[in-house]
Amino acid sequence: NAGVMPVSPMNALKTDEWDRIIDVNIKGVLNGIAAVLPIMEAQRSGHIINTASTGAHAVGAQFGVYCASKYAVRAITEGLRQEMDTLRVTLISPGVTESELGSDITVASTASAVKQLRSIALSPDAIARAVLYAISQPADVDVNEMIIRSVRSAGHAF
């Protein structure tokens, strides 16, 4: 699980930040899968859990590239799930969660808006409990996807 979120308006043309989002949020997931898949296939068991975001289900202004990366994680995870008949594959899509995510936003107005979103943030423990739920199912049960949001997120895409 790794991710960066230096979100900004498209016309800010932060192409270096776009590259970093793609390198960490997409390639990081692919590299993680590549690291464990041969081992799990050889032992004919395992559970890959990828973390996306509610941004894999909705797009907000200034979040286009970030959301695209999370849509990609969702597609990669679903594609992997369809290929596996001995491994479990789960996608966890958290809403706003207390973390350092977004601390690298370089556009002041965007950083301020994300800071306001933190008022409805989930605790990391809520996400950990979702992961625990997914991994604690019987070996023949695969929880494919979970979206975790704060009840206070009503009216918010994220």
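The rules behind each value
Residues numbered from 1 in each chain as written. Predicted model: local features only at pLDDT ≥ 70, side-chain atom pairs only at ≥ 80, totals over all residues. Heavy atoms only, no water. Helix = DSSP H or I, 4+ residues; strand = E, 2+ residues; numbered from the N terminus. Buried < 20%, exposed > 50% of the residue type's maximum accessible area, 1.4 Å probe, protein only. Axes fitted to C-alpha atoms, helices over the stretch in contact; angles between N-to-C directions. Parallel < 35°, antiparallel > 145°, perpendicular 65-115°, else oblique. Left-handed = near helix turned anticlockwise from the far one by under 90°. Contact = heavy atoms within 4.5 Å. Expected span 1.5 Å × (residues − 1). Bend = angle between axes of the 7 residues up to and from the residue.

Student: Which residues make up unusual backbone geometry, and what values do they have?
Tutor: For L13, which is not glycine, the phi dihedral falls at a positive 50°. Its place among the elements puts L13 in the segment before helix 1 (15-43). For L13, a relative accessible area of 59% puts it in the exposed group. The backbone of Q62 sits at a positive phi, close to 75°, despite the residue not being glycine. Within the secondary structure, Q62 is located in the loop between strand 1 (47-51) and helix 2 (64-83).

Student: Can you tell me about the packing of helix 1 against helix 2, naming the residues and giving the values?
Tutor: Helix 2 packs onto helix 1 with a crossing angle of 15° between their chain directions and a minimal axis gap of 8 Å. By the angle between their axes, helix 1 is roughly parallel relative to helix 2. The chirality of how helix 1 crosses helix 2 is right-handed. In this structure, helix 1 uses W18, I21, N25, I26, V29, L30, I33 and L37 to contact helix 2, whose residues at the interface are V65, Y66, S69, K70, A72, V73, I76 and L80.

Student: Pulling in residues and values, what's your account of the environment of I92?
Tutor: Looking at the element boundaries, I92 is found in strand 2 (residues 88-94). Sequence separation between I92 and S112 is 20 residues; the distance between their C-alpha atoms is 26 Å. Contacts of I92, omitting those with residues within four sequence positions, involve I49, N50, T51, A52, S53, I127, A130, V131, M146 and I148.

Student: Outline helix 1, listing residues and values.
Tutor: Counted at 1.5 Å a residue, the expected span for helix 1 with its 29 residues is 42 Å, and the 41 Å between its end C-alpha atoms agrees. A maximum bend of about 35° is found in helix 1 at V36, where proline P38 lies one to four positions downstream. Those residues of helix 1 lying buried are E17, I21, N25, I26, V29, I33, L37 and M40. Along its buried surface, helix 1 packs onto strand 1 and helix 2. Within two residues after helix 1, R44 carries a phi angle of roughly 60°, on the positive side.

Student: Before we move on, could you go through the environment of V29 and cite the residues and values that matter?
Tutor: For V29, the location among the structural elements is in helix 1. Through-space distance from the C-alpha of V29 to that of R149 is 22 Å; in sequence the pair is 120 residues apart. Ignoring any residue separated from it by four or fewer positions in sequence, one finds V29 in contact with V24, N50, V73 and I76.

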